[in-house]
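Geometric and topological summary
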Amino acid sequence: MANLIDTKSNTPRPRHPEKQGRPDTPLMRKPDWIRVKAPTSEGYAATRALVKANGLVTVCEEAGCPNIGECWDKKHATMMILGDVCTRACSFCNVATGKPKPGVDADEPRRVGEAVAEMGLSHVVITSVDRDDLEDGGAMHFVHTIASIRERAPGTTIEILTPDFLRKDGWENHVIDARPDVFNHNLETVPRLYLTIRPGARYFHSLRLLQKVKDRDPSQFTKSGLMVGLGETKEEVMQVMDDMRSAGVDFITIGQYLQPTRKHAAIDRFVTPDEFKAYEEIARAKGFLMVSASPLTRSSHHAGEDFAQLRAAREALLAARA
């Protein structure tokens, strides 16, 4: 794990300028259950080459996901649209922050659609940085990307992981109306920790976004995720589960927070596999159709397999009610 703030290879600008003045936080040694091997497979190399050839950005690389070797070996890559510079400064995130270049790359939706078709994906996840500088927060770029994938890979199911569209005056409705198969927006942590972990966001706004998806299109699957190990209590996690269920969320993911650098939020503790198993059982008892809870769980990890199980769970529930 890096101990210093990374810099982009093509510019001296710091990756996280807003974090440069922060005191270093301690780094905790990872337990055995959370260690992963460096990616070396041919499948990983092939996926990386395809991503680079199409000029695409992936959250797998930008956020330093620990599952990149496993996912890319299976040709699973989470595309990150709207550039690689985020306007937010969340203390947990390794995506570069700052002022993005004006506007959007109008050709990006086409390239994403063609890459999805070339990879032969049955399920794809599309995410983005926050773009508070744009009038629509990037909403129409999501719409165009969804349309491009549907045109070029009509058999692919589409999952989006969106920003919160805070103060964007209803532009999120266009994204909902584009009817992705899964609408994901992560709450990330418990309300008490928002000021330090997710200072640019508002917990209840994010919750209302998930509720709005269900109100506007009840057939759309909704999904949200939490990180643990930041200092939250079990009772607070259970309350967030209840809030998600009140908003109609179908699928919850819970994973261990991993500290990108010494300038990011410190890990409070490593949650044990047994505790994750307990969270999974509690979440299922609360009525979620799908639960993924483990130390290495991430929003898009095993997304295709999980979507198949999610759809099967709904069909079984509807059949039981008939």
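This write-up is about the structure you can find in this document. Keep in mind that this is a model prediction, so the values were computed, not measured.

Calculation notes
- Per-chain numbering applies: the sequence of each chain, read as written, is numbered from 1 onward.
- Only residues with pLDDT of at least 70 are given local features in this predicted model, and only at 80 or more are side-chain atom pairs given and counted; all residues enter the totals for whole chains, interfaces and linings.
- Side-chain metrics rest on all non-hydrogen atoms present in the structure, leaving aside hydrogens and water.
- Put simply, DSSP H or I for four residues or longer makes a helix, DSSP E for two residues or longer makes a strand, and each gets a number counted from the N terminus.
- Think of it in three bands: residues with accessible area under 20% of the maximum for their type are buried, residues over 50% are exposed, and the middle band is partly exposed, with areas taken using a 1.4 Å probe on protein chains only.
- Points on a 1 Å grid over protein atoms alone make up a cavity when a 1.4 Å probe fits among them but cannot get out, and a pocket when they form an open set with protein on both sides within 12 Å along at least five of seven lines; lining residues each have an atom within 4 Å of a point.
- Grid points are joined across faces, edges and corners, and a volume is the space filled by probe spheres set on the points.
- Residue polarity follows a fixed list, in which Ala, Val, Leu, Ile, Met, Phe, Trp, Tyr, Cys and Pro are nonpolar, Asp, Glu, Lys and Arg are charged, and the others, Gly among them, are polar.
- One side-chain nitrogen of Lys or Arg within 4 Å of one carboxyl oxygen of Asp or Glu is enough to make a salt bridge.

1. Section: unusual backbone geometry
Even without being a glycine, Leu82 presents a positive backbone phi close to 70 degrees. Along the chain, the position of Leu82 falls in the loop between strand E1 (79-81) and helix H4 (108-119). Accessibility expressed as a relative area gives 3% for Leu82, which makes it buried.

2. A short note on the layout of surface pockets
In this model, the second largest pocket occupies a volume close to 230 Å³. Considering the residues around the second largest pocket, the lining is formed by Lys214, Pro218, Arg245, Gly248, Val249, Asp250, Gly287, Leu289, Arg314, Leu317, Leu318 and Arg321. Per element, the largest residue contribution to the lining of the second largest pocket is 4 residues, and it comes from helix H11 (residues 303-321). Within the lining of the second largest pocket, the residues separate by chemical class into 5 nonpolar, 2 polar and 5 charged.

3. Describing empty space enclosed by the protein
The full count for this structure, using the stated rule, is 1 cavity of 30 Å³ or more. Each pocket or cavity is described by its volume, and for the largest cavity that value is around 40 Å³. Around the largest cavity, the lining residues are Arg88, Asp130, Arg131, Asp132, Gly137, Pro163, Asp164, Phe165, Leu166 and Lys168. Its residues placed into classes, the lining of the largest cavity shows 3 nonpolar, 1 polar and 6 charged.

4. Section: the pattern of salt bridges
Summed over the entire model, instances satisfying the criterion amount to 21 salt bridges. Of the charged contacts in the structure, one is a salt bridge between Glu236 and Arg192, with a shortest N-O distance of 2.6 Å. Taken together, the positions of Glu236 in helix H9 (residues 234-246) and Arg192 in the loop between strand E4 (182-184) and helix H7 (194-197) put the pair 44 residues apart, joining distant regions of the chain. Here Glu236 falls in the buried class, since its relative accessible area comes to 19%. With a shortest N-O distance of 2.8 Å, Asp250 and Lys214 are connected by a salt bridge. Of the two residues, Asp250 is situated in the loop between H9 and strand E6 (251-256) and Lys214 in helix H8 (residues 203-216); the sequence distance between them amounts to 36 residues. Linked by salt bridges that have partners in common, Asp105, Asp107, Arg110, Arg111 and Glu114 make up one network.

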